[in-house]
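Spelled out, the chains give:
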Amino acid sequence: MHPLTTRRSALRALGSAALLAASVTVPSATAAVADERTSRPSVALDWYDLTAATIAAAGAATQITNNRTWAISWLAAARATREVPPGVDRRDFQDAALASAVHDALLALVPSRIQELDAALRTTLDRVPDGLAKSKGVAAGARQARLALASREGDGLDPASVNAAFTVPPAAPGVWQPTPPAYAPAAQYGNRLARPFLLDGPDQYRLPAPPALDSARYRADLAEVRAYGAVDSTVRTALQTETAAFWLGSSLTLYTEPLRVALARSPRFVPARAALVALFHIALVDTQIATSDTKYAYLRWRPVTAIRAGTIDPDPDWTPLHVTPAHPDYPSGHNTYSGAAETILTGLTGPRTGPFELTSPTAPGVTRTYTAWSQLSQDNEDARVYSGIHTRSADVAGLALGKRVAGHALRSAERLFGVS
């Protein structure tokens with residue numbers, strides 16, 4: 001399907017508020033935050049920041065579980081705010097509904113943060129005038145939180161299920177084996193056993209097989225990562241080393257600020273803002289499920305294994321710049337995440353935005369400036385090669401898979417946001 005057709009389909013599914021969110025130019029982030037009638041702060045931004053803080057302080061150990069927390073909380077908010085009862089103030093109802101939905105879902109999923117969540121809810125509701133709009137909004141949010149939580153019960157995305165045991169096959173050329181220095185057991189195998197939000201199944205967009213070991217493409221892949229990804233590389237530039245370090249950390253953490261930028265710069269319609277956050281994280285949950293399906297279907301060995309023990313000029317002492325994660329090479333999970341994020345942000349806010357600054361916990365003191373969502377994807381593609389932990393083919397394939405899964409989410413959005 002043509003990208004423009006996909007975008008139009010998504011916008012129709014999200015309704016007129018989302019259509020405006022994707023097509024109206026907002027002069028500044030400050031203008032987007034202020035209510036059209038009052039100076040009341042943006043409840044969507046307040047609860048976005050609170051969700052990020054909640055997960056940072058007491059979230060799960062597994063990234064996909066934290067994406068699930070975002071997805072459930074903001075799906076409830078999008079549903080709760082979409083239809084306003086007759087005879088009540090729209091903004092008062094939607095502010096109360098969003099706060100109530102996110103509060104109740106987060107409280108169920110991260111109960112250790114009860115004091116912070118309850119205090120934030122009181123702060124939000126104190127700003128909303130007492131009356132039917134407020135009481136009905138709180139009730140709508142609570143109801144949609146209960147429904148969203150119930151719909152995802154037992155979906156296999158808890159940390160124990162995500163890291164289900166995997167039996168490593170015997171060593172053979174091309175076959176994944178635990179990697180140095182820890183030789184840790186395989187991680188994230190259980191993702192491919194989990195229940196997606198929108199995909200028909202984990203293998204719906206399974207990628208074709210990676211390049212054959214004796215192909216020119218694979219030999220070029222391995223030569224590139226051997227040269228540019230070694231800890232003692234003599235060809236990797238300082239900027240390339242910085243790129244590897246900058247994008248080394250959790251994709252969830254690194255994309256929290258870009259999504260917030262998109263949220264702050266979108267028009268101020270509450271349902272559209274909630275839908276943007278919900279669809280972003282729903283697509284990312286499904287993307288990570290699809291990623292593990294392809295990874296464990298093909299079990300392609302990592303560059304460190306191929307270079308140390310492979311058949312092409314083996315070098316038993318070769319060491320990557322960064323420690324290799326404990327799962328197969330193909331495709332790159334960082335890049336599936338990036339491809340999906342780019343697709344959702346482009347589909348709902350357009351391909352470019354005003355310049356914004358981004359920092360990374362794995363590159364202290366470094367600030368990068370971006371103006372297009374695709375620039376983040378390009379850096380991710382390069383970074384995993386410069387880190388020495390992925391081949392270029394795994395990165396390119398990862399971007400493609402993420403874009404396909406996110407495109408599916410955009411086309412299927414109508415299934416998510418109906419009010420029951």
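Everything numeric here is computed off the predicted structure, so don't read it as measured data.

## Here we look at the nonpolar core
Generally speaking, soluble globular proteins have nonpolar side chains that are buried together.
Thought 1: Among the nonpolar cores identified, the biggest contains 85 residues, and W47, W74, L98, W247, L279 and F417 are the most heavily contacted of them.
Thought 2: Top contributing element to this core by residue count: helix α13 (residues 270-298), with 13 residues.

## Considering α13
Thought 1: Here α13 contains 29 residues, and its C-alpha end-to-end distance of 43 Å stays within 8% of the 42 Å for a straight helix at 1.5 Å per residue.
Thought 2: Burial runs high along α13: 27 of the 29 residues are buried.

## Comments concerning the packing of α13 against helix α17 (residues 392-411)
A pair of packed helices is characterised by two quantities: the angle between their axes and the separation of those axes.
Thought 1: For the pair α13 and α17, the least separation of the axes is 9 Å and the interaxial angle reads 135°. The angle between α13 and α17 places the two elements in the oblique class. Seen along the crossing, α13 lies across α17 with a hand that is right-handed. Contact residues: L279, A283, D286, T287, A290, T291 and T294 in α13; L401, G402, V405, A406, A409 and L410 in α17.
Thought 2: For the contact of α13 with α17, the residue count by class is 8 nonpolar, 4 polar and 1 charged.

## Section: the confidence of the model for the protein
Thought 1: Looking at the protein as a whole, its pLDDT mean stands at 92, while 90% of the residues score no less than 70.
Thought 2: Here residues 1-6 is a poorly scored stretch, pLDDT under 50, and it has 5 contacts once near neighbours within four places are set aside; other chains count.
Thought 3: Segment residues 15-38 is flagged for pLDDT under 50; beyond a separation of four residues in sequence, or across chains, it makes 44 contacts in the model.

## Section: helix α16 (residues 373-386)
Given 3.6 residues per turn, any residue in an α-helix points the same way as the ones three and four places further on.
Thought 1: Compared with an ideal rise of 1.5 Å per residue, which puts 14 residues at 20 Å, α16 spans 21 Å between its outermost C-alpha atoms and is within 8% of the ideal.
Thought 2: Judged by how many residues are buried, α16 sits mostly within the fold: 11 of 14 residues are covered.
Thought 3: For α16, the complete set of buried residues consists of W373, L376, S377, D379, N380, E381, D382, A383, R384, V385 and Y386.
Thought 4: Phi for G388, located one or two positions after α16, is positive at around 80°.

## Quick look at the environment of V102
Thought 1: Along the chain, the position of V102 falls in helix α6 (residues 90-109).
Thought 2: The spatial distance from the C-alpha of V102 to the C-alpha of G174 is 45 Å, given a sequence separation of 72 residues.
Thought 3: Excluding residues that lie within four positions of it along the chain, V102 makes contacts with W47, T51, S73, W74 and A77.

## Considerations on the pattern of salt bridges
Thought 1: Inspection of the entire model under this criterion finds 18 salt bridges.
Thought 2: Measuring nitrogen to oxygen at the nearest pair gives 2.7 Å for the salt bridge that ties D155 to R68. One end of the pair, D155, is in the loop between α8 (132-151) and α9 (159-162); the other, R68, is in helix α5 (residues 63-82), and 87 residues separate them in sequence.
Thought 3: Across the salt bridge formed by R91 and D95, the nearest N and O atoms sit 2.9 Å from each other. Highlighted residues: R91 and D95, both in helix α6, separated by 4 residues, approximately one helical turn. In this structure, R91 and D95 share a single accessibility class: buried.
Thought 4: In the salt-bridge network here, residues are joined through shared partners; they are R40, R91, D92 and D95.

Scoring rules and cut-offs
Residues numbered from 1 in each chain as written. Predicted model: local features only at pLDDT ≥ 70, side-chain atom pairs only at ≥ 80, totals over all residues. Heavy atoms only, no water. Core = buried A, V, L, I, M, F, W, Y, C linked by side-chain atoms within 4.5 Å. Buried < 20%, exposed > 50% of the residue type's maximum accessible area, 1.4 Å probe, protein only. Helix = DSSP H or I, 4+ residues; strand = E, 2+ residues; numbered from the N terminus. Expected span 1.5 Å × (residues − 1). Axes fitted to C-alpha atoms, helices over the stretch in contact; angles between N-to-C directions. Parallel < 35°, antiparallel > 145°, perpendicular 65-115°, else oblique. Left-handed = near helix turned anticlockwise from the far one by under 90°. Contact = heavy atoms within 4.5 Å. Nonpolar A, V, L, I, M, F, W, Y, C, P; charged D, E, K, R; others polar. pLDDT = per-residue confidence, 0-100. Salt bridge = Lys/Arg side-chain N within 4 Å of Asp/Glu carboxyl O.

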